[in-house]
Amino acid sequence: MSAEERRESVIRAAITEFARGGYSATSTEAIARRVGVSQPYLFRLFPSKQAMFLAAVERCLTDTRKVFAEAAEGLGGEEAVRAMAAAYQRLIIEDPDKLQMQMQIYAAVASADASGEREVGDAVRAAWLEMWDETHLTLGADVKETTTFWAFGMLINTLASLGFPPGHRVWSGLYGEARPTG
């Protein structure tokens with residue numbers, strides 16, 4: 001495997017490990033073990049645990065942006081919203097680590113900011129803002145529409161994270177496309 005292929009493996013493993021354990025509780029040893037490399041080799045690919053975390057964050061948010069963009073391609077307005085909602089629901093069902101990673105991202109940023117470590121939060125906010133801006137443009141640069149889309153998206157994250165089953169009444173106010181199916 002080339003160094004770039006190993007780097008990709010590390011990012012995928014980091015998403016899984018950070019998603020399940022959070023930033024503080026995840027060891028680089030666990031990431032190295034998941035990839036099948038030594039810790040020293042891991043640090044040849046990434047200079048620090050924080051760099052691994054930020055690469056995992058960037059990948060998670062980039063993958064989510066890509067899902068939204070592909071779903072909304074050629075659509076506008078309500079059609080775009082529904083297509084993006086359905087695509088996001090598929091993403092978090094097919095790859096639950098993506099949802100867990102997002103939830104861990106928010107916790108890690110809040111924790112880092114509270115301790116005065118602004119670097120992590122600044123990097124994550126920049127990546128998240130790219131996602132906001134792309135959906136904002138897709139939704140016709142309408143601030144209310146974009147805010148509503150993200151508000152429902154955060155509700156989806158919360159309900160899915162809490163494990164509310166499909167068909168539960170808490171899902172009833174969402175577009176049918178945004179509700180879990182099984």
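Residues numbered from 1 in each chain as written. Predicted model: local features only at pLDDT ≥ 70, side-chain atom pairs only at ≥ 80, totals over all residues. Heavy atoms only, no water.

(A) A look at the overall build of the chain. A count of helices and strands for the chain gives eight helices and zero strands. Start at the N end of the chain and walk to the C end: the helices and strands fall as α-α-α-α-α-α-α-α. A compact globule built from 182 residues should have a C-alpha radius of gyration of about 16 Å, and the chain, at 17 Å, falls within 12% of that. Along the first, second and third principal axes, the C-alpha set of the chain runs to 50 × 35 × 35 Å. Scored against the burial criterion, the 182 residues of the chain give a buried share of 41%. Once local pairs closer than 6 in sequence are excluded, the contacts in the chain between residues at least 24 apart make up 58%. (Helix = DSSP H or I, 4+ residues; strand = E, 2+ residues; numbered from the N terminus. Rg over C-alpha atoms; globule rule 2.2 N^0.38 Å. Buried < 20%, exposed > 50% of the residue type's maximum accessible area, 1.4 Å probe, protein only. Contact = heavy atoms within 4.5 Å.)

(B) Quick look at the side chain of R65. Mapped onto the elements of the fold, R65 is located in helix 4 (residues 49-72). Aside from chain neighbours lying at most four places away, what touches R65 is E58, E130, M131 and E134.

(C) Structural view of the nonpolar core. Core analysis: the biggest nonpolar cluster contains 52 residues, and V10, F18, I31, F53, M101 and I105 have the highest contact counts within it. When residues of this core are traced back to their parent elements, those giving at least two are helix 1 (3-25), helix 2 (28-35), helix 3 (39-45), helix 4, helix 5 (77-94), helix 6 (96-114), helix 7 (118-138) and helix 8 (143-162). When residues of this core are assigned to their parent elements, the largest contribution, eleven residues, is made by helix 4. Among all residues touching F18, those that are not within four sequence positions of it are Y23, T26, I31, K49, M52, F53, A56, M101 and Q104. (Core = buried A, V, L, I, M, F, W, Y, C linked by side-chain atoms within 4.5 Å.)

(D) Just the pattern of salt bridges, in detail. Tallied over the full model, the rule gives 15 salt bridges. Residues K98 and D95 are paired through a salt bridge, measuring 2.9 Å at the closest nitrogen-oxygen approach. According to the relative accessible area criterion, K98 is buried, its value standing at 8%. (Salt bridge = Lys/Arg side-chain N within 4 Å of Asp/Glu carboxyl O.)

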